[in-house]
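Descriptive analysis of the structure
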Amino acid sequence: MRKKWVIFLCLILYLVAGFFWCNPGIIKETSGNGVSGEIPAILVDESGEQGDFTWNGHYALVRLEDVNPASDITSLEDCIELLKSKNIPFSIALIPIYKNPEKNVTIYLHEKPELVRLIKNSGATIVLHGCTHQYDGETGIDFEFWDETSNAPLEINNTEYATSKIELALEELKRCNLSAEIWETPHYTSNYDVAGVVSRYFSKIYEGYDRKLTKNEFGQIVVPANLDYVKGEQPVQSVFEILAKAENISSSDDEDIVASFFYHPFLGTDYLRMLIGGLKKQGYKFVGPEECILSVKPEEIETIPQYS
Ligand SMILES: [Zn+2]
């Protein structure tokens, strides 16, 4: 009889645990950074739109990442619609040519007119994110200007290679009637020669983890992405970590510090909605990278060399 009760009790415990496991939003969640809060609360992002918004003095930036000719149009469109509906300026990190050598696939942006139209009508600032974002692997995963196997520069003439890749990328953009004035290095990784070539084409780059806008040794203005991104394998944890870092910045008196993150549209809109709602609640004003650059006096931007 007693054994039956133990089994019954275990069954009840199992069901209760299972219920909370499947509905994590019901319980209070604490991230690794010790930030606590209820998920549904940060899902409600209307606070900034009801007249009780007080600017914390800091800017926030969001970039939709790794958009390329093989991207899923629906999820990109959903993210764009969400941002537009909340009047949030944003940028798109665009890779104009998709390649997967293993499957012998190459897709050019001009072969995807629907995607081109969507990008054009999005009003986003376009950031050129490499030409193919790969060297011998798949677009978006592989490095374009770095050998990740030996963790060293590619054993080729990097100046010639980078020049031809950038020229090819710009040609493809032109073919689609698009243009980009900001560059983002794939996986933020290259060497001095490649960076030197990039500086001949772009006076602004959008990468790295500095807290403020900086200048590099080539005189380029560097807009950071200091809050990193939502990781697909632990998205809720990432959201909490980003919001925790942003909360920290929000209470800083140094208003030149920005809260800047990027987001992969294939994750859907849920985490993007959480971040936007959370950042608005913390009092952030969203700007695009160009507006952010204009908000700082050029002579006040610190020079931090990246490659020397
Ligand atoms: Zn990328």
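In what follows, the structure referred to is the one given above.
It should be emphasised that the depicted structure is a prediction, and the values quoted were computed from it without experimental measurement.

**Examining the packing of aromatic side chains**
Each pair of aromatic rings is reported with the distance of its centres and the angle of its planes. In the structure shown here, the tally under the stated rule is nine aromatic pairs. Their ring planes at 50° and their centres at 6.1 Å tell us that phenylalanine 145 and tryptophan 183 sit as a pair that is tilted. Here tryptophan 183 lies in strand 8 (residues 182-183) and phenylalanine 145 lies in the loop between strand 7 (125-128) and helix 5 (158-175), a separation of 38 residues in the sequence. With centroids separated by 5.6 Å and ring planes inclined at 40°, the aromatic side chains of tryptophan 183 and phenylalanine 202 adopt a geometry described as tilted. Here phenylalanine 202 lies in the loop between helix 6 (192-201) and strand 9 (204-206) and tryptophan 183 lies in strand 8, a separation of 19 residues in the sequence. Each member of the pair, tryptophan 183 as well as phenylalanine 202, carries the same accessibility label: buried.

**Structural notes on the coordination of the zinc ion**
Within the first shell, the zinc ion binds the protein through Asp66 (OD), His129 (NE2) and His133 (NE2), at distances of 2.1 to 2.2 Å. Donor residues for the zinc ion, ordered by position in the chain, follow D-x62-H-x3-H. Of this pair, aspartate 66 sits in strand 3 (residues 59-67) while histidine 129 sits in the loop between strand 7 and helix 5; the two residues are 63 residues apart in sequence, bridging distant segments of the chain. Judged by its relative accessible area of 1%, histidine 129 is buried.

**Considerations on the packing of helix 3 (residues 73-85) against helix 8 (residues 270-281)**
Put simply, helix 3 and helix 8 touch, their axes get as near as 10 Å, and they point 20° apart. Overall, the two elements helix 3 and helix 8 adopt an arrangement that is roughly parallel. Regarding helix 3 and helix 8, the two cross each other, and that crossing is right-handed. Taking contact as the criterion, the partners of Cys79, Leu82 and Leu83 in helix 3 are, on helix 8, Leu272, Arg273 and Ile276.

**With respect to the pairing of strand 5 (residues 97-100)**
If a strand is regular, its side chains alternate between the two faces of the sheet. In terms of strand pairing, strand 5 meets strand 6 (residues 105-108) through four bridges, oriented antiparallel. For tyrosine 98, the partnering residue across the bridge sits in strand 6 and is isoleucine 107. Between the antiparallel neighbours strand 5 and strand 6 lie four residues, among them asparagine 104 with a positive phi of about 55°.

**Side note on the environment of proline 305**
Here proline 305 lies in the segment after strand 14 (302-303). Distance in space between the C-alpha atoms of proline 305 and glycine 219 is 9.4 Å, their sequence separation being 86 residues.

**A short note on unusual backbone geometry**
Even without being a glycine, asparagine 87 presents a positive backbone phi close to 55°. Relative to the helices and strands, asparagine 87 is located in the loop between helix 3 and strand 4 (91-94).

Criteria and thresholds
- Residues numbered from 1 in each chain as written.
- Predicted model: local features only at pLDDT ≥ 70, side-chain atom pairs only at ≥ 80, totals over all residues.
- Heavy atoms only, no water.
- Phe/Tyr/Trp six-rings, centres within 6.5 Å; stacked < 30°, edge-to-face > 60°.
- Helix = DSSP H or I, 4+ residues; strand = E, 2+ residues; numbered from the N terminus.
- Buried < 20%, exposed > 50% of the residue type's maximum accessible area, 1.4 Å probe, protein only.
- Donors = N, O, S within 2.8 Å, 3.2 Å for Na, K, Ca; no water.
- Axes fitted to C-alpha atoms, helices over the stretch in contact; angles between N-to-C directions.
- Parallel < 35°, antiparallel > 145°, perpendicular 65-115°, else oblique.
- Left-handed = near helix turned anticlockwise from the far one by under 90°.
- Contact = heavy atoms within 4.5 Å.
- Pairing = 2+ DSSP bridges.

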